[in-house]
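Chain and residue survey
Spelled out, the chains give:
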Amino acid sequence: MKKKLMDILACPIDKFYPLELYVFEEKEEIVEGMIVCPKCSRWYPIREEIPEMLPDELREEKDEKPFLQKWKEKIPIKILNEGKPFNLKG
Amino acid sequence: MPSAIWRKKRRIIRHYDRLASTYDTLYKEEQDRKIEHILSHIQLKGSDLVLDAGCGTGFLFRHIYKQVSNLIGVDLSNGLLRVALQHVKTYGMESVSLIRADVDHLPFKQNVFDNVFALTLLQNSATINITVQEILRTAKNGSTVVLTGLKKGFSKKRFIQTLRKERLTFNMIPAPASVKDYLALCSIDHKAKNK
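The following refers to the structure shown. All figures in this text were calculated on a predicted structure; none of them were measured in a lab.

1. Some thoughts on helix 6 (residues 156–165) of chain B
All names here are of chain B. Residues Phe159, Ile160, Thr162 and Leu163 constitute the buried set of helix 6. Across the axial projection of helix 6, the buried residues extend over an arc of 155°, all falling on one side. Relative to its buried face, helix 6 has exposed residues pointing more than 90 degrees away, namely Lys157, Arg164 and Lys165. If you follow the buried residues of helix 6, they end up packed against helix 5 (128–138), strand 5 (139–150), strand 6 (169–173) and strand 7 (181–187). Following helix 6 by one or two positions, Arg167 adopts a phi angle in the positive range, close to 55°.

2. What about unusual backbone geometry?
For the peptide bond that leads from Tyr17(A) to Pro18(A), omega is 0°, which places it in the cis range. Relative to the assigned elements, Pro18(A) resides in the segment before strand 1 (20–26). A cis geometry characterises the amide bond from Lys84(A) onward to Pro85(A), with omega recorded as 0°. Within the secondary structure layout, Pro85(A) lies in the segment after helix 2 (77–82). Of note, the phi angle at Asn111(B) is positive, near 55°, even though the residue is not glycine. As for its placement among the helices and strands, Asn111(B) is situated in the loop between strand 3 (96–101) and strand 4 (113–118).

3. Comments concerning the interface of chain A and chain B
Contacts between the two partners involve 21 residues from chain A and, on the opposite side, 30 residues from chain B. Across the interface of chain A and chain B, roughly 2,200 Å² is buried in total on both sides, 62% from carbon and sulfur atoms. By the criterion of area lost to chain B, the three top residues of chain A are Ile8(A), Ile50(A) and Leu58(A), representing 27% of everything that side buries. Taken together, the connections running from chain A to chain B amount to three salt bridges. In this structure, the salt-bridge partner of Glu134(B) is Lys15(A), at a minimum N-O distance of 2.6 Å.

4. Section: the side chain of Asp181(B)
Residues and elements named next belong to chain B. Note on placement: Asp181 falls in strand 7. One polar contact links Asp181 to Thr120, side chain to side chain, over a distance of 3.2 Å. Contact partners of Asp181, with chain neighbours within four places excluded, come to Lys34, Thr120, Thr148, Gly149, Leu150 and Lys151.

5. Observations concerning the sheet that holds strand 3 (residues 43–47) of chain A
As summarised here, the arrangement of the eleven strands in space is 1(A)-2(A)-3(A)-4(A)-3(B)-2(B)-1(B)-4(B)-5(B)-7(B)-6(B), forming an open sheet in which the pairing is mixed. Edge strands, defined here as strands with exactly one partner in the open sheet, are strand 1 of chain A together with strand 6 of chain B. Taken pair by pair, the neighbouring strands of this sheet meet at an average axis angle of 20°, ignoring direction. Bridge count between strand 2 (residues 30–36) of chain A and strand 3 of chain A: four bridges; the pairing is antiparallel. Note on strand 3 of chain A: the bridge partner recorded for Met34(A) is Pro45(A). Along the sheet face, helix 1 (residues 61–70) of chain A touches strand 1, strand 2 and strand 3 of chain A and points at about 80° away from the line of strand 3 of chain A. Sheet strands touched by helix 5 of chain B: strand 1 (49–53), strand 4 and strand 5 of chain B. Its angle to strand 5 of chain B, the strand with the most contacts, is close to 150°.

6. A look at the layout of surface pockets
Residue and element names in this part refer to chain B. Within this model, the largest pocket holds a volume of roughly 740 Å³. Listed by contribution, the elements that provide at least two residues to the lining of the largest pocket are helix 1 (3–19), helix 2 (23–39), helix 3 (59–64) and strand 2 (70–75). If one sorts the elements of the lining of the largest pocket by residue count, helix 1 sits on top with six residues. Classifying every residue of the lining of the largest pocket by side-chain character gives 18 nonpolar, eleven polar and ten charged.

7. Overview of the environment of Pro85(A)
Residues and elements named next belong to chain A. For Pro85, a relative accessible area of 26% gives the class partly exposed. Each C-alpha atom of the pair Pro85 and Glu48 lies 21 Å from the other, and the pair is 37 residues apart in sequence. In this structure Pro85 touches Trp43, Asp56 and Arg59, once residues within four positions along its chain are discounted.

Reading the values: rules and limits
- Residues numbered from 1 in each chain as written.
- Chains lettered and ligands numbered in written order.
- Predicted model: local features only at pLDDT ≥ 70, side-chain atom pairs only at ≥ 80, totals over all residues.
- Heavy atoms only, no water.
- Buried < 20%, exposed > 50% of the residue type's maximum accessible area, 1.4 Å probe, protein only.
- Helix = DSSP H or I, 4+ residues; strand = E, 2+ residues; numbered from the N terminus.
- Arc of directions from axis to C-beta.
- Contact = heavy atoms within 4.5 Å.
- Buried area = accessible area lost by both parts, 1.4 Å probe.
- Salt bridge = Lys/Arg side-chain N within 4 Å of Asp/Glu carboxyl O.
- Polar contact = N/O pair within 3.5 Å; in protein donor to acceptor, adjacent residues only side chain to side chain.
- Pairing = 2+ DSSP bridges.
- Axes fitted to C-alpha atoms, helices over the stretch in contact; angles between N-to-C directions.
- 1 Å grid on protein atoms, 1.4 Å probe; cavity = no way out; pocket = protein on both sides within 12 Å on 5 of 7 lines; lining within 4 Å.
- Points joined across faces, edges and corners; volume = space filled by probe spheres on them.
- Nonpolar A, V, L, I, M, F, W, Y, C, P; charged D, E, K, R; others polar.

As structure tokens, then:
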């Protein structure tokens, strides 16, 4: 994912912007990372260069929780504990 | 949204994920014919920011990636997007970005795109009015939006009625019988629409 994409992104649910970007792995582009909506606390993974910004109903806990586990050292505590639609506390 | 709509969206994801590896072989010729016909009716500018809503494996990208500065492809299917990413890398399509998203919940600010293409998309929507409204929300005032309706999924009358319901200003692009969609070229005027 190219960083400049952040200029046009908004949360797909509440349409809030600007969103926050956390980069976990970067080559020419962002390979792994996370986009966070600071208003609703939803987080969206960037997996293998593609951001996944799906509504809650199309996301699966079995795919999302391992992502939080994998990058927990780099993810803000607030998202680990209270992030939507999944977090490591719930 | 009712749960039946989410079930349909999940079915669509599974369907296209399964098709991903053979998608190009099945549809490239047909889609290329349609895209070439549409592009002969519109003018893109180098500075344009373009959205391809329901981009699939990126048939449109290969036709326009050299002409525009930023081209965003959105699709629900991870399988199709992975094939699209391979094409982006193979052809060095620097202007293209991919996002996995639902066209009824687009992850964009309003009024950002100069051109939007939603090709062979609407027949998969269970909530066509919501899909069209969400696409229009992201289109700039004065932009061009191309919407197509697969003839298998729409009568011409129903397709036109759908667009009229959204109070769109549009022209139908005449197309040869070999093009399997009805093609509409919409001019976006948010002020007139909200009057």
